[in-house]
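Below are the chains, spelled out letter by letter.
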Amino acid sequence: MNATPTLPPYAGKTTVYIDQNVLTMAVKGHDPAFFTSLFDRFQVIYSDETLREIKRSGQPDKFLAALDSMNAIHFRYQFNDNFEPTGEMILHEVPPVQAYGNYLQAEPVYDIMLAAAHQTTLKFYGGRSDSTFAEIASEQSDAFDGLIKSLSAPLAQLDHTHPHLRAPIEQYLQTLQSLYKQVSAMAAAEMTKHISDETGLSGVKNYQASVGMGPKELNNIKPPRVIEKIWLAYQNLDGYRHQGYSIENFLGIAATPLYSRDMHIHEKVTAIYNLLNVIGYKADSNLKREPRHVAAISDAAHAAIGSRAHILLSADEVFVDKVRAIYEFLEVTTEVGLVSLVDGGVLVKSE
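Residues numbered from 1 in each chain as written. Predicted model: local features only at pLDDT ≥ 70, side-chain atom pairs only at ≥ 80, totals over all residues. Heavy atoms only, no water.

A.B. asks: Which residues make up the pairing of strand β2 (residues 43-46), and what values go with them?
C.D. replies: Across the two faces of β2 the burial is the same, with Gln-43 and Ile-45 and Val-44 and Tyr-46 all buried. Both strand β1 (residues 15-18) and β2 contribute to a ladder of three bridges, which runs parallel. Within the sheet, the bridge partner assigned to Val-16 lies in β2 and is Val-44. Pairing between β2 and strand β3 (residues 73-79): two bridges, direction parallel. The partner of Ile-45 across the bridge, within β3, is Ile-73. (Buried < 20%, exposed > 50% of the residue type's maximum accessible area, 1.4 Å probe, protein only. Helix = DSSP H or I, 4+ residues; strand = E, 2+ residues; numbered from the N terminus. Pairing = 2+ DSSP bridges.)

Written out as C-alpha cells, the structure reads:
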C-alpha cells in the first residue's frame, strides 16, 4: 500500500459546517447580518451531503447562491493512493456551482449504492413490508454488481489517461464488493432475529420491547456522559447481561475481522448515530417512511462530516442532542451550536 501524503496543517479561519436547516435560513433571508458575520469571522464549509440535499430541495440555484455569498468551500473526504478513506478531510476551493456539477456527474454511482444500502434499515423500521430481509440483501448484491459493471467503461479509459490507476481501483472495488456482500448478508440475518413474521412489523419496536428499554426511559437521560449512562442502563438487560459485551460492542464501533483497520472517527460517529436512532434516544421520527429515512441518513452524514470541522451549526434540537452526546464520548472537539430564530434574528446556543 502506498503511503498517504501528509497534509500541511490548515492555517485559515476557523471552519464552520452548517446543516441544511441553517442554510435554508440564509436562503429565506433570515437575519442577513448574522450570515454576513458568519462568513466574515469563519470559513463556511459544505459537503457532498449538502449538495445531495440541495438537489432534493428542487431549488439548487437558490442554495448554491447562498453558499457562494458566504464564500463557502467544499469539504470532502481524503482518499489514499489505493482509493481507501484516510479519515481526514480536505478543503476543495471550487465555486459551489462547479462543485454541484461535479456531484451531479458522480451522482448515479451514489444513487445506486444509497438506494440499495438503506433498504435493510428501512425495513427494520417498519417499511418495505412486502419484502423479506433476504430479498433485500439479494437486491443490494445485485445493485453492487450493476455498479461494478457500470464502471467498466470509465475504468478502461484510464488505460489512455492514467494507466497506473486502473489496477488499484479495480482491486479496491473487488475488495469492497466482497465486503459489501458479507455485510449485507450479516445485516439481514441479524435483523431477522427481531422480526419473526416479516410482514408489516417493525424490528425496532420489537427490539425495544424485547430489551424493555426505549425512548420513554432514554430521553430522560441528561448530559454529561450520556452514552456511558445509556450503556449503564443496557448492560444488565436481557440480551446483554453476561454476554461479554463492551460499550464499543454495544455501539457498533468495536474492531471486527471484516475490516483490516480500526474505524475512522467519522465512521464511528455514523455507527453511533444510527444506534441511537434504533434504541430510541432522541430518535428521528417516522423512519419507516422512505423520505424521512433518507433525511435521517443525511443527518448521520452531516454528523460524521461535522466531526472534522471546528464548529457545527444546526437548527434541529434532536440532532444537536445526539451529536453532542456522540462527540463527547468520542472526544471530538467540534463545538456544536443550536441555531434558532428569535424575534426575526438568529440565535446560536452552545452547550
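Read on, since the account is not over.
A.B. asks: Would you mind going over the packing of aromatic side chains in detail, with residue names and values included?
C.D. replies: Applying the stated criterion across every chain, the model contains nine aromatic pairs. When the ring of Trp-231 is compared with that of Phe-250, the centres are 5.1 Å apart and the planes differ by 35°; the resulting orientation is tilted. Highlighted residues: Trp-231 in helix α12 (residues 226-234) and Phe-250 in helix α13 (residues 247-251), separated in sequence by 19 residues. Relative to Phe-250, the ring of Tyr-234 lies with its centre 5.0 Å away and its plane at 40°, an arrangement referred to as tilted. Of the two residues, Tyr-234 sits in helix α12 while Phe-250 sits in helix α13, which places them 16 residues apart along the sequence. Among the aromatic residues, those joined into a cluster by ring pairs are Trp-231, Tyr-234, Tyr-240, Tyr-245 and Phe-250. (Phe/Tyr/Trp six-rings, centres within 6.5 Å; stacked < 30°, edge-to-face > 60°.)

A.B. asks: Just give me the short version of the sheet that holds strand β7 (residues 345-349), but keep the residues and values in it.
C.D. replies: Taken in spatial order, the seven strands line up as β4-β3-β2-β1-β5-β6-β7 in an open sheet, and their pairing is mixed. Of all strands in the sheet, those with a lone pairing partner are β4 (85-92) and β7, marking the two edges. Taken over all neighbouring pairs, the strand axes of this sheet differ in orientation by 35° on average, direction set aside. (Axes fitted to C-alpha atoms, helices over the stretch in contact; angles between N-to-C directions.)

A.B. asks: Tell me about the pattern of salt bridges, and please be specific about residues and values.
C.D. replies: Tallying each qualifying case throughout the model produces eight salt bridges. Across the pair Glu-53 and Arg-56 runs a salt bridge, and its minimum N-O distance is 3.6 Å. In this pair, Glu-53 and Arg-56 are both assigned in helix α3 (residues 48-57), three residues apart and thus about one turn of the helix distant. Ionic pairing is found between Glu-328 and Arg-225, a salt bridge with its closest N-O pair at 3.8 Å. Separated by 103 residues along the polypeptide, Glu-328 in helix α16 (residues 317-330) and Arg-225 in the loop between α11 (215-218) and α12 bring together distant segments of the chain. Here the salt bridges share partners, and the residues they tie into one network are Arg-225, Glu-228 and Glu-328. (Salt bridge = Lys/Arg side-chain N within 4 Å of Asp/Glu carboxyl O.)

A.B. asks: Can you lay out the environment of Val-97 for me, pointing to particular residues and giving the numbers?
C.D. replies: Within the element layout of this structure, Val-97 appears in helix α5 (residues 96-117). As for Val-97 and Phe-63, which are separated by 34 residues in sequence, their C-alpha atoms are 9.8 Å apart.

A.B. asks: Break down the nonpolar core for me, citing the residues and quoting the values.
C.D. replies: Within the largest apolar cluster, 46 residues are counted, with the highest numbers of intra-cluster contacts made by Ile-230, Tyr-234, Phe-250, Leu-251, Ile-272, Leu-276 and Ile-279. Secondary-structure elements contributing two or more residues to this core are α10 (203-211), α12, α13, α14 (265-279), α15 (290-306), α16 and β6 (335-342). With near-sequence residues (within four places) excluded, Leu-276 lies in contact with Ile-227, Ile-230, Tyr-281, Lys-322 and Ile-326. Grouped together as the second largest cluster of nonpolar side chains are 28 residues, Leu-51, Ala-66, Ala-72 and Ala-99 included. (Core = buried A, V, L, I, M, F, W, Y, C linked by side-chain atoms within 4.5 Å. Contact = heavy atoms within 4.5 Å.)

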